[in-house]
Amino acid sequence: MSATDLSTTRRKPVHLAVYDTYADWETGHTTAHLARSGYEIRTVALDAGKPVTTMGGVRIQPDMSLDELGPEDSSLLVLTGAGLWDEGDALAPFAAAARRFLDAGVPVAAICGATAGLAREGLLDDRPHTSAASFYLAATGYAGGGRYVEADAVTGGDLITAGPTEPVAFAREVFARLGVYRGEVLDAWYRLFHDSDPEAYGVLAAAAERGDA
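Worth saying up front: this structure is predicted, and the values here are computed from it rather than measured.

A.B. asks: Any chance you could break down the environment of Arg-100 for me, citing the residues and the numbers?
C.D. replies: By secondary structure assignment, the location of Arg-100 is in helix H3 (residues 92–103). Given the relative accessible area of 41%, Arg-100 is considered partly exposed. Considered as a pair, Arg-100 and Gly-70 are 30 residues apart in the sequence and their alpha carbons are 8.2 Å apart.

Here is the structure:
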């Protein structure tokens, strides 16, 4: 068995929250490359018996319900942006789940509107974070404005945040936190997918031959 196979057997799944109006483009890099690296991706909805429809019109049949998910069974909870985050409290249970994950020391990655949900839950008050814009989070009335960072994506302990235009930077922070790619390989991945740097491909190809990518 290869080193990659060995590490894969020890990994818990990554859980991707899905709900109506989920912004398709925000987590594609993250889930695709985690799956290629051996993580099982499981979709989580409020009701596993009902399909959800993404912002792009794609229907997803969830794998499981949120009430079935415990932090001890997961490597990471990914919360995507969605119009519903700003239209009421329908997605508040996912923010509450994020609190349970963080309290248990299991990482959470939130992008776009999901950051506003975490702000309302109080999870950004004491952690460095980012989002679409500082005033977007300020509108939630949260107390964490002083911890806002003007950056593409931010890792604050077990919490990763990013704005809607930065799915590649978001993925980079997830890979770094889970140890999927490291060092020059992580840098090359980002340069290839974010900057279209052709030289980065050679670094990744060499890493793949070594079993590091």
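A.B. asks: Tell me about the side chain of Thr-30, and please be specific about residues and values.
C.D. replies: Its place among the elements puts Thr-30 in helix H2 (residues 28–36). The exposure class assigned to Thr-30 is buried, which follows from its relative accessible area of 0%. With sequence-adjacent residues up to four places away left out, Thr-30 is seen in contact with Pro-167, Phe-170, Ala-171, Val-174 and Phe-175.

A.B. asks: Residue-level account of the pairing of strand E6 (residues 76–79), with values.
C.D. replies: Burial of E6 is two-sided: the residues Leu-76 and Val-78 facing one way and the residues Leu-77 and Leu-79 facing the other way are all buried. Across 3 bridges, strand E1 (residues 14–17) lies against E6 in parallel orientation. Note that in E6 the partner of His-15 across the bridge is Leu-77. Inspection of the sheet shows E6 paired to strand E7 (residues 108–111) by 3 bridges, in the parallel sense.

A.B. asks: Please give an account of the environment of Glu-209 that cites residues and values.
C.D. replies: Here Glu-209 lies in helix H8 (residues 198–210). For Glu-209, a relative accessible area of 74% translates into the label exposed.

A.B. asks: So, the packing of aromatic side chains: which residues are in play, and what are the values?
C.D. replies: Per the counting criterion, the structure on display carries 5 aromatic pairs. For the pair Tyr-19 and Phe-94, a centre-to-centre distance of 5.1 Å together with 70 degrees between the ring planes defines the contact as edge-to-face. You can see Tyr-19 sitting in the loop between E1 and H2 and its partner Phe-94 sitting in helix H3, a full 75 residues away along the chain. Judged by relative accessible area, Tyr-19 falls into the buried class, the value being 4%. Judged by relative accessible area, Phe-94 falls into the buried class, the value being 0%. With a centroid separation of 5.2 Å and 80 degrees between ring planes, the pair formed by Phe-175 and Tyr-181 is classed as edge-to-face. In this structure, Phe-175 and Tyr-181 share a single accessibility class: buried. Ring pairs connect the aromatic residues Phe-175, Tyr-181, Trp-189 and Phe-193, which therefore count as one cluster. It is Arg-172 that lies over the ring of Tyr-190; its NZ or CZ is 4.3 Å from the centre.

Cut-offs and rules
- Residues numbered from 1 in each chain as written.
- Predicted model: local features only at pLDDT ≥ 70, side-chain atom pairs only at ≥ 80, totals over all residues.
- Heavy atoms only, no water.
- Helix = DSSP H or I, 4+ residues; strand = E, 2+ residues; numbered from the N terminus.
- Buried < 20%, exposed > 50% of the residue type's maximum accessible area, 1.4 Å probe, protein only.
- Contact = heavy atoms within 4.5 Å.
- Pairing = 2+ DSSP bridges.
- Phe/Tyr/Trp six-rings, centres within 6.5 Å; stacked < 30°, edge-to-face > 60°.
- Lys NZ or Arg CZ within 6 Å of the ring centre and 35° of its normal.

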